Amino acid sequence: MRRLLPRRRGAALQSAGSRGRSGTCRADSVRRIAGFPVLQLRRQRFLRETAGQRPWRVRELHAVPQSRRGAGGRGRDGRGEGLSLPRRAESRKRPRGGLPASQHPQGGTPVIVCIGAFDGYHRGHFSLFRQAREMAARAHTEWNVVTFSPHPRYVLGGLKARLFTREDTAFLRRNFDIPEPLEIPFTREFASTEPRLFLDELRARLDVTGIVVGREFRFGRERSGDGEFLLRYCAEHGLELALMPQLVMDDGIVVSSTRIRDMVQAGNVDQAAELLGYPWFLFSRVVSGDRRGRAMGYPTANMLPDEKKLTPGEGVYAGAMWHGGCWRPAAISVGRNPTFLVQGSLRIETHVIGFHGDLYGRRPLLAFLKRLRLMTRFSGRMSLMKQLALDCEETQRVFGVSQPLLKVFHCLPSFD
Ligand SMILES: Cc1cc2nc3c(=O)[nH]c(=O)nc-3n(C[C@H](O)[C@H](O)[C@H](O)COP(=O)(O)O)c2cc1C
Ligand SMILES: Nc1ncnc2c1ncn2[C@@H]1O[C@H](COP(=O)(O)OP(=O)(O)OP(=O)(O)O)[C@@H](O)[C@H]1O
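For clarity, every value in this text was computed on a predicted model and none was experimentally measured. (Residues numbered from 1 in each chain as written. Chains lettered and ligands numbered in written order. Predicted model: local features only at pLDDT ≥ 70, side-chain atom pairs only at ≥ 80, totals over all residues. Heavy atoms only, no water.)

Enquirer: So what about the layout of surface pockets? Which residues, and what values?
Expert: Approximately 1100 Å³ is the volume attributed to the largest pocket. Gly 116, Ala 117, Arg 153, Phe 217 and Arg 218 are, among the 40 residues lining the largest pocket, the residues nearest its centre. Secondary structure elements with two or more residues in the lining of the largest pocket: helix H3 (123–139), helix H4 (152–156), helix H6 (188–191) and helix H9 (257–265). Among the elements that take part in the lining of the largest pocket, H3 stands out by supplying four residues, more than any other. (1 Å grid on protein atoms, 1.4 Å probe; cavity = no way out; pocket = protein on both sides within 12 Å on 5 of 7 lines; lining within 4 Å. Points joined across faces, edges and corners; volume = space filled by probe spheres on them. Helix = DSSP H or I, 4+ residues; strand = E, 2+ residues; numbered from the N terminus.)

Enquirer: Pulling in residues and values, what's your account of the environment of Pro 338?
Expert: On the secondary structure map, Pro 338 appears in the loop between strand S13 (326–335) and strand S14 (347–352). Residue Pro 338 is classed as partly exposed on the basis of its relative accessible area, which comes to 21%. Put simply, Pro 338 and Thr 376 are 38 residues apart on the chain and 6.9 Å apart in space, counted from C-alpha to C-alpha. (Buried < 20%, exposed > 50% of the residue type's maximum accessible area, 1.4 Å probe, protein only.)

Enquirer: Give me the lowdown on the site of ligand 2, citing residues and values where you can.
Expert: Residues in close proximity to ligand 2 total 21 residues, the closest being His 122, Arg 153, Leu 247, Val 255 and Thr 258. Phe 118 places a main-chain nitrogen or oxygen 2.9 Å from an oxygen atom of ligand 2. In the environment of ligand 2, a nitrogen atom lies 2.7 Å from a nitrogen or oxygen atom belonging to the backbone of Val 255. In isolation ligand 2 offers 600 Å² of accessible surface; the protein chains occlude 90% of this area. When atom positions are compared with the pocket grids, ligand 2 is found to occupy the largest pocket. Of all the secondary-structure elements, those providing two or more residues to the shell around ligand 2 are H3, strand S6 (207–214) and H9. Here the shell around ligand 2 is composed, by residue class, of nine nonpolar, 10 polar and two charged. (Near = heavy atom within 4 Å. Polar contact = N/O pair within 3.5 Å; in protein donor to acceptor, adjacent residues only side chain to side chain. Areas by Shrake-Rupley, 256 points an atom, 1.4 Å probe, with all protein chains shown as cover. Sits in = over half its atoms within 2 Å of the grid points. Nonpolar A, V, L, I, M, F, W, Y, C, P; charged D, E, K, R; others polar.)

Enquirer: How would you explain the domain arrangement of the protein if you had to name every residue and give the values?
Expert: According to the domain assignment, the protein consists of domain 1 (4–249) and domain 2 (279–406). The partner domain 2 presents 11 residues to the 10 residues of domain 1 that form the contact. Both faces considered, domain 1 and domain 2 share a buried interface measuring about 920 Å² in area, 62% of it formed by carbon and sulfur atoms. At the boundary of domain 1 and domain 2, one finds two salt bridges. The interface formed by domain 1 and domain 2 contains six residue pairs in polar contact (both at pLDDT 80 or more). Across the side of domain 1 that touches domain 2, the residue classes tally to five nonpolar, one polar and four charged. (Domains from an automatic or database assignment. Contact = heavy atoms within 4.5 Å. Buried area = accessible area lost by both parts, 1.4 Å probe. Salt bridge = Lys/Arg side-chain N within 4 Å of Asp/Glu carboxyl O.)

Enquirer: Account for the pattern of salt bridges, naming residues and giving values.
Expert: Where side chains of opposite charge bring their charged atoms close, a pairing between them can arise. Summed over all chains, the structure comprises 15 salt bridges. A salt bridge links Arg 261 to Asp 119, with the shortest nitrogen-to-oxygen separation between them at 2.7 Å. Separated by 142 residues along the polypeptide, Arg 261 in helix H9 and Asp 119 in the loop between strand S3 (110–115) and H3 bring together distant segments of the chain. Taken as a pair, Arg 261 and Asp 119 share a single burial class, namely buried.

Enquirer: Break down the packing of aromatic side chains for me, citing the residues and quoting the values.
Expert: Under the counting rule described, the total for this entry stands at 30 aromatic pairs. Taken together, a centroid distance of 5.4 Å and an interplanar angle of 85° make the contact between Phe 171 and Phe 283 edge-to-face. With Phe 171 in helix H5 (residues 166–176) and Phe 283 in strand S9 (residues 281–283), the pair connects residues that are 112 residues apart, well separated along the chain. As far as burial versus exposure is concerned, Phe 171 and Phe 283 are alike and both buried. Positioned above the aromatic ring of Phe 281, the side-chain terminus of Lys 309 is 5.2 Å from the ring centre. (Phe/Tyr/Trp six-rings, centres within 6.5 Å; stacked < 30°, edge-to-face > 60°. Lys NZ or Arg CZ within 6 Å of the ring centre and 35° of its normal.)

Next up, the structure:
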């Protein structure tokens, strides 16, 4: 794995409320932020204490029994009354639908928030989370993620398919100890919200004590909410602010979801894994195919592509399937079977090496490790079979050297 560098070192933390110290954006292993059991406990408390707050829909609300709503206190250390925070009454001046201001709960855990679109999570995001976690530990608060749904680029144009679905991101959160985010519905109208109003309303619903974003992050009307604005706003309201330097690979590639989407679509899944910190993957139901593969000695699991999720570039990949409690080497074909079909539809077919069981109807996890070659139209079945043997050999080699990457996932499905 190549070393990652922040574009500029230091000065990550601007402490408007002078609560913090300087930090840098380090490129630690993503495994360092694992710890699922802690997530469970913290999340429960966060859910309880944000329950009932509107008008932005808090997805988790639905999981909280009515009897527990409003049961939250002011935070672990009994802070709250004494906080050097803006008064909630101030930010309730302009409620936008939802509950009347008087019904907003007074309580709520103080929380440090990371804000952004978050199409899954990459190494740049992990640097934010690490920062938020450190700030929260110092201030004895919680931390969380504030995001938008659908993805802003989907609403404003440009994004057709995401890197990761809702199911995928839930899987990632379990593995990397990321709390369930607050999701704000994103519409064209919402996109033109003044940055100040957005933050005022966020603070009316959450007891925000600090904000962590990338330095390049822009939000609100005409992208006018930038680092300068955040510095002013946080100073005015006594909030802690961390503007994180942009994480950049040492060959100059900026870590961003857009870049990773381009890489996956171009078939460069090994590069994508470097930016993500783990292999790009999908969960997909196995459906029946034409049963030609079995006759050739290479049965394949045909996996239904998800239209909301992008499909990797056509070609043959070395990958790994999590099935039956272990990772198995998987030779994957993404293509239209040009040897047999004239205008076939795009299929994702996986030959799980050394596996003879039945996968129909299952929904296994499939990780893409490296593209081996492009899709080829062979002159016949025999030449394709020769190539398949070579593909399987190479897949096993790549699978062998990719074990550290696969071990990043420590919280895997117990059934599929
Ligand atoms: C590792 C692998 C590589 C493949 N490469 C090609 C290829 O280069 N050209 C092609 O036409 N089909 C390729 N295929 C697709 C096979 O033609 C396909 O799996 C076979 O027709 C079986 O299809 P079925 O599952 O619908 O029966 C490949 C399949 C696998 C598993
Ligand atoms: N490479 C990075 N280094 C540090 N922070 C980052 C990096 N990439 C994104 N962030 C920050 O993470 C938060 C969420 O990022 P977001 O998903 O909106 O950006 P992104 O990954 O660049 O996505 P896209 O390419 O779709 O714009 C934002 O605050 C953003 O500034």
